[in-house]
Amino acid sequence: MPRPVLAAKPSAEPETPGIIAETRQKAMGALAELLFNQMEDSDDEVGRMGMSSLLGGDSSSATGDADRVRLVLHISQAVALQSRQQDDQAVEELERALDAGLDHPAAFFNLGYLYIQQNRLESGVRFLQRSAKNPDFAMGSHLLLGQTLLRMDKLREA
């Protein structure tokens, strides 16, 4: 008697290619590492210098300290939410971190990826173009950019 053939269960969403998934993990890890380093070194000059590079400027004033606290809060919330697949809220926290002065390619990749998942393709493309300039995120950014531009029927740009 022939055995029944089990068909593979179609998934609701295509799997993310390995390179993109790896880049996403790398970006989340980079943000988490920034938080860890900031908390570890928050009272010394190295911590201020590290945060200054995130902010793209001087963060040594009292206003800079308040901005730094806000920034750390938003990044930590974004990482936690993203790790729990609460992507809509993670987008909001990443946007707030950028408003607070965050300037880091890991945040650009994460936000670009999440915008694309929300079908906000134009916004996703803008952030991926920024993250693609960094060698750590270039390959995943370019691959996701190409896929997104194809979805947008922009074949020449893809």
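From a predicted model like this one, the values you see are computed outputs, not experimental measurements. Starting from 1, residues in each chain are numbered consecutively following that chain's sequence as written. In keeping with the model being predicted, local features are shown solely for residues with a pLDDT of at least 70 and side-chain atom pairs are shown and tallied solely at 80 or more, while totals for entire chains, interfaces and linings include all residues. Excluding hydrogens and water, the side-chain values take into account all heavy atoms of the structure.

Novice: So what's going on with the overall build of the protein? Which residues, and what values?
Specialist: Every helix listed is a DSSP run of H or I at least four residues long, and every strand listed is a run of E at least two residues long, numbered separately from the N terminus. A tally of regular secondary structure across the protein gives seven helices and zero strands. Helices and strands appear in the protein in the N-to-C order α-α-α-α-α-α-α. The burial tally for the protein puts 41% of its 158 residues in the buried class. Method for areas: the Shrake-Rupley scheme with a 1.4 Å probe, in which residue coverage is limited to the protein chains shown. A total accessible area of about 9,600 Å² is found for the protein, and carbon and sulfur atoms account for 52% of it. Each residue is assigned to one of three classes by its accessible area relative to the maximum for its type, calculated with a 1.4 Å probe on protein chains only: buried under 20%, partly exposed between the two thresholds, exposed over 50%.

Novice: So what's going on with the packing of aromatic side chains? Which residues, and what values?
Specialist: Any pair of aromatic rings gets described here by the distance separating the centres and the angle formed by the planes. A pair of Phe, Tyr and Trp rings is counted when the ring centres sit within 6.5 Å of each other, with Trp represented by its six-membered ring. The angle between the planes then sorts it: under 30 degrees is stacked, over 60 is edge-to-face, the rest tilted. Within this structure, the stated rule accounts for three aromatic pairs. Both rings, one in F108 and one in F127, keep their centres 6.2 Å apart while their planes meet at 40°; by these two values the pair is tilted. Taken together, the positions of F108 in helix α5 (residues 105-117) and F127 in helix α6 (residues 121-131) put the pair 19 residues apart, joining distant regions of the chain. Taken individually, F108 and F127 each receive the classification buried, so the pair is uniform in this respect. An angle of 50° between the planes, with centres 5.7 Å apart, marks the rings of Y115 and F127 as tilted. Of this pair, Y115 sits in helix α5 while F127 is found in helix α6, placing the two residues twelve residues apart along the sequence. Side by side, Y115 and F127 carry an identical accessibility label, which is buried.

Novice: Would you mind going over the nonpolar core in detail, with residue names and values included?
Specialist: L31, I75, L94, F109 and L144 are the most contacted members of the largest nonpolar core, which totals 37 residues. If you list the elements that add at least two residues to this core, you get α1 (18-40), α3 (62-83), α4 (87-99), α5, α6 and α7 (138-151). Tallying contributions element by element places α5 first for this core, with nine residues. Note on contacts: a residue pair is in contact if any heavy atoms of the two residues lie within 4.5 Å. For F109, the contacting residues outside a window of four places in its chain are I20, T23, R24, A27, L128, S131, F137, G140, S141 and L144. Definition of nonpolar core: a set of buried residues of the types Ala, Val, Leu, Ile, Met, Phe, Trp, Tyr and Cys, connected through side-chain atoms within 4.5 Å.

Novice: Hey, could you go over the confidence of the model for the protein for me, with residue numbers and the actual values?
Specialist: Scored by pLDDT, the protein comes out at a mean of 82, with 73% of its residues at no less than 70. Per-residue confidence from the predictor is reported as pLDDT, a score between 0 and 100. The low-confidence segment residues 45-53, where pLDDT is below 50, has 15 contacts with residues more than four positions distant or belonging to other chains.

Novice: Requested: an account of the side chain of N110, with residues and values cited.
Specialist: Looking at the secondary structure, you find N110 in helix α5. Using a relative accessible area of 0% as the deciding quantity, one classes N110 as buried. Ignoring any residue separated from it by four or fewer positions in sequence, one finds N110 in contact with R24, A27, M28, L31, Q82 and L94.

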